[in-house]
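# Reading the structure
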Amino acid sequence: MSKNIYISADYDVNSGDRNVVEELYKWDESQRHSLEFTDMAKVAKGSVANDSDCRICDLKNEFNNQINKASVVIFVVGDKTASRISGSACNRVCRQQSECLCTPYKQNTNGQKLCKVQNTVVVGPNDDVGPINVFSYLKHEFKQAEKKNKTIIVVYNSVNKQPNWLPDYLKPYENRAFPFWTYNAVGNRVGNYQSVKDALGI
């Protein structure tokens with residue numbers, strides 16, 4: 001059975017949690033495993049991220065759209081997750097457009113530009129999480145998944161439970177969070193395939 005899964009993780013090259021995502025991809029591609037999925041978080045052709053004027057709010061809107069297409073959202077929690085603030089620099093929520101500057105995605109060397117959002121609106125209870133907010137990208141993804149009643153799975157990038165790694169917004173899932181890694185019979189660290197499969201209901 002194949003599922004549309006959205007994987008939320010810290011993709012920092014040096015200290016992020018890409019290793020967990022890469023292991024999930026291996027399972028998807030392996031003939032030995034029955035875990036098949038489409039990662040809805042994967043940057044697709046035509047993504048706003050490829051636009052030279054892509055802003056924080058543009059990315060958050062895209063996250064919303066991709067999460068809406070998923071049935072399950074997996075949150076990978078590493079030792080740096082709680083301290084990540086990328087995506088939280090938008091101050092349009094409390095200021096006029098003319099007072100706000102932001103840096104287009106991956107354009108730090110080119111400096112800041114004037115905010116391009118002319119008008120903001122109050123979102124309703126059934127709407128997506130508004131993209132004009134001070135949430136980090138990771139927290140925004142969680143808020144959208146929660147609001148849209150997605151199945152939420154939380155895994156630690158560790159062989160042990162690490163409740164101290166959980167950001168505040170994931171604390172309610174502490175009892176359900178589990179280590180992504182385990183040791184096999186010969187002492188090698190491997191992905192905890194059965195636990196992930198069980199959590200997915202496959």
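Anything mentioned here points back to the structure above.
Just so it is clear, the structure is predicted and the values come from calculations on it, not from any experiment.

Turning our eyes to something else, we now look at the pattern of salt bridges. This model, assessed by the stated rule, comprises seven salt bridges. When the shortest N-O distance is used, the salt bridge between Lys113 and Asp53 registers 3.6 Å. Taken together, the positions of Lys113 in strand β5 (residues 113-114) and Asp53 in the loop between β2 (36-39) and α2 (56-69) put the pair 60 residues apart, joining distant regions of the chain. Its relative accessible area of 21% is what places Asp53 among the partly exposed residues. The closest approach of N and O atoms between Lys80 and Asp79, which form a salt bridge, is 3.4 Å. Given the relative accessible area of 47%, Asp79 is considered partly exposed.

Our focus in this paragraph is the layout of surface pockets. Estimated volume of the second largest pocket: approximately 240 Å³. Along its surface, the second largest pocket is lined by Arg92, Val93, Val117, Asn119, Thr120, Val121, Val123, Gly130, Pro131 and Ile132. Of the residues assigned to the lining of the second largest pocket, the class counts are six nonpolar, three polar and one charged.

Attention now goes to the packing of aromatic side chains. One pass over the full model with this rule turns up seven aromatic pairs. Arranged with centres 5.7 Å apart and planes meeting at 65°, the rings of Phe75 and Phe142 form a pair that is edge-to-face. Note that Phe75 is positioned in strand β3 (residues 72-77) and Phe142 in helix α3 (residues 137-147), a separation of 67 residues in sequence. Classification of Phe75 as buried rests on a relative accessible area of 3%. Note on Phe142: relative accessible area 2%, which makes it buried. A ring pair is formed by Phe142 and Tyr169, whose centres lie 5.5 Å apart and whose planes are at 35°; its orientation type is tilted. Here Tyr169 lies in the loop between β6 (151-156) and β7 (178-179) and Phe142 lies in helix α3, a separation of 27 residues in the sequence.

The subject of this paragraph is the environment of Val77. With respect to the element layout, Val77 can be found in strand β3. Look at Val77 and you get buried, because its relative accessible area is 1%. Spatially, the C-alpha atoms of Val77 and Pro104 are 26 Å apart, while their sequence positions differ by 27 residues. Contact partners of Val77, with chain neighbours within four places excluded, come to Asp17, Val154, Val155, Tyr156, Asn157, Trp165, Leu166 and Leu170.

So, about empty space enclosed by the protein. Inspection of every chain in the model, using the stated rule, returns two cavities of 30 Å³ or more. The volume enclosed by the largest cavity comes to roughly 120 Å³. Taken together, the elements giving at least two residues each to the lining of the largest cavity come down to α2 and β4 (101-102). Partitioned by chemical class, the residues of the lining of the largest cavity number ten nonpolar, one polar and three charged. Empty space within the second largest cavity amounts to approximately 50 Å³. Every residue along the wall of the second largest cavity is listed here: Ser8, Ala9, Asp10, Phe75, Val76, Val77, Thr81, Leu138, Tyr169 and Leu170. With three residues, the top contributor of residues to the lining of the second largest cavity is β3. For the lining of the second largest cavity, the residue count by class is seven nonpolar, two polar and one charged.

The rules behind these values
Residues numbered from 1 in each chain as written. Predicted model: local features only at pLDDT ≥ 70, side-chain atom pairs only at ≥ 80, totals over all residues. Heavy atoms only, no water. Salt bridge = Lys/Arg side-chain N within 4 Å of Asp/Glu carboxyl O. Helix = DSSP H or I, 4+ residues; strand = E, 2+ residues; numbered from the N terminus. Buried < 20%, exposed > 50% of the residue type's maximum accessible area, 1.4 Å probe, protein only. 1 Å grid on protein atoms, 1.4 Å probe; cavity = no way out; pocket = protein on both sides within 12 Å on 5 of 7 lines; lining within 4 Å. Points joined across faces, edges and corners; volume = space filled by probe spheres on them. Nonpolar A, V, L, I, M, F, W, Y, C, P; charged D, E, K, R; others polar. Phe/Tyr/Trp six-rings, centres within 6.5 Å; stacked < 30°, edge-to-face > 60°. Contact = heavy atoms within 4.5 Å.

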